[in-house]
Every structure is written in structure tokens, then in C-alpha cells.
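# Understanding the architecture of this molecule
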Amino acid sequence: MSTANLKLNSETTIPQLGLGVWQAADDETEHAVRYALDEANYRHIDTAAAYGNEEAVGRGIAGSSASREDVFVTTKLWNADHGYEPALKAFDVSLGKLGLDYVDLYLIHWPLQNDERLLRTWDALEKIAESGRAKAVGVCNFEPRHLELLVDRGGLLPAVDQVELHPHLTQRAIRETAGKHGIAVESWSPLGGTSSSGWGKRSKPNTLLTDDTIAAIGERHGKSPAQVLIRWHLQNGLIVIPKSVHDERISQNIDVFDFELTADDLTDIATLDDGVRVGAHPNELNIGAPD
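For the structure given in this document, a descriptive report is provided here.

Rules behind the numbers
- Residues numbered from 1 in each chain as written.
- Predicted model: local features only at pLDDT ≥ 70, side-chain atom pairs only at ≥ 80, totals over all residues.
- Heavy atoms only, no water.
- Axes fitted to C-alpha atoms, helices over the stretch in contact; angles between N-to-C directions.
- Helix = DSSP H or I, 4+ residues; strand = E, 2+ residues; numbered from the N terminus.
- Parallel < 35°, antiparallel > 145°, perpendicular 65-115°, else oblique.
- Left-handed = near helix turned anticlockwise from the far one by under 90°.
- Contact = heavy atoms within 4.5 Å.
- Nonpolar A, V, L, I, M, F, W, Y, C, P; charged D, E, K, R; others polar.
- Salt bridge = Lys/Arg side-chain N within 4 Å of Asp/Glu carboxyl O.
- Buried < 20%, exposed > 50% of the residue type's maximum accessible area, 1.4 Å probe, protein only.

## Re the packing of helix α3 (residues 84-98) against helix α4 (residues 115-131)
It is the contact of α3 with α4, at a shortest axis distance of 7 Å, that shows an interaxial angle of 40°. Regarding the angle of α3 to α4, the classification is oblique. Relative to α4, α3 is oriented so that their crossing is right-handed. Each of Tyr84, Ala87, Leu88 and Phe91 in α3 lies in contact with α4, whose residues at this interface are Arg120, Thr121, Asp123, Ala124, Lys127 and Ile128. Across the contact of α3 with α4, the residue classes tally to six nonpolar, one polar and three charged.

Following this line, the structure appears as C-alpha cells:
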């Protein structure tokens, strides 16, 4: 079975499952993107200016057999480029690095701690959307108050809010606010990060991939813990972008459409929701903010 497409408020559609490339080196990224498109039937690639691998993503897409119009490409605005004119220029740079005429989704990577500047940045993304060079625009790491700030502004609303989200951090308040305004929610670190990836003030390394509850559910279905976690995101109506640069795992991560978590499985997974992050809280992160 192929990945389902979800309709966004931009009237475009997004494949519900994609490939993330955070922390992937250029050679790894180019290979992973080409393999994902040609061998594993992915049609959604997620990168960012801050990842430093937009050029490799572009080469991977160009070197694949997939048609451009069949590949959903996301990239993101880095913190240092907040503001109206800087955001417009940064978008041009990203398009150039990707070697594309347009992206399917352009996101503000972090809200940072200046609401007035944030609104100017969103003005730029609205301009980019109007130009057609981004088929949809959205945000990352926006808390409910940030989303309401854009609602109160009027005009274009984000198509997507991409946030840290996994069974330890289910982000119910964000999902409720986003749902109320027709904003899709996308999960980063959907598998809970890695065993050494705790990088926020109160975050901890991931334990989900070795969790006994997840492992037991996987055994019942003949699936890996990662596949159980990805299936959990899909059944919760979330967009999910697991990262891997290994062929076997890239293929395994999309092999999740031949089983379904039961009501009992979902109840068991719900017991893991303890609010523990692997990344920084948006209210505490201001890295790279312009003066």
C-alpha cells in the first residue's frame, strides 16, 4: 500500500509519511533521498536551511527517477533570517541550493522570542505563498499562543505546525488549537530521537525504541518498535517524517500499511505520555535570533 495524502488548508495535499534528513551529511543525504524515492516509494522529503544539506537533497531528487511534481519537498527558514526582507532573501537561497523552481512547503523553523518580528516574518511567508514559489507555508515549534497570534493577525494561516511529538510528548494542546483552525500537525523526532539526543534544558535521551510496551506491541504484530511508533502517528492523523540514512531502515519505516494498532495497543501507548522532551522547549530557545 502507498502513503495516504492529507489535504492541507492551502488546498494542496501532503504525503502523510516522509523522509527526514536532520543531521545527515551530504553524501548520506543524497543517497538516502535517491534511495527513498526510487527504491522505497517515498514521495515526501523534509529538509531545512539549518541542516546544511539542501543541495544534497536537490541532487538526490534530480538523480532519482521521480518526477518533480510527484515529490513533496519541505524546507525551513533559519532563525537568523527572521524579518521580512531577510526571510525573502533566505527563501531565494534555499530554492537555489535545492535547484528547484518551487517548494511544496516552507516553514518558519522556530518562533523565537520577539512577536513583532515574528509577524513580519510571517508577512514574508504570506508573500512567498502568493508568488506560488511555495505551494504552502507553515511553522515549526509553535505553541498554542504562537498559533493564536497568527489567527489574531488575520490573513493566511499556517498549513502545518511541525513540532516535537511522540508517545512521551503527545502535544494535546497544540493539536487541539491547530485542529480548531484547520492547521495540520507534523511530528519531528517521531521515534523519540536517539539514545544520545537530549539537547534541551530539561530534555532526556530517547527511550521509546527500547521501551518494553512498544516492543511487546511490535512482537504481537511482527513489527519493529520503529514501525509501531510510525503507525501510532499515522493512526492519530499526524504527518510523520522519520529520519534514516540506512537503506534497510528507510524501507522498513514505510512498511507500515499492512497492520493496524488495536484499541488496546493505543491504550497501552497512552500510558507513556509523561511530557518528556528530547529537544528544547520553544519558549526557551532563541538560538541564532537576529539582533
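Anyway, onward from the coordinates.
## Regarding the pattern of salt bridges
One pass over the full model with this rule turns up 15 salt bridges. As a salt-bridge pair, Arg59 and Glu30 come within 2.9 Å of each other at their nearest N and O atoms. One end of the pair, Arg59, is in helix α2 (residues 54-62); the other, Glu30, is in helix α1 (residues 26-38), with 29 residues separating them in the sequence. Using a relative accessible area of 37% as the deciding quantity, one classes Arg59 as partly exposed. Glu126 is the partner of Arg153 in a salt bridge, and the nearest nitrogen-oxygen pair spans 2.5 Å. Of the two residues, Arg153 is situated in helix α5 (residues 144-153) and Glu126 in helix α4; the sequence distance between them amounts to 27 residues. Here Arg153 falls in the partly exposed class, since its relative accessible area comes to 25%. Note on Glu126: relative accessible area 17%, which makes it buried. One continuous salt-bridge network, built from bridges that share partners, spans Glu30, Arg34 and Arg59.

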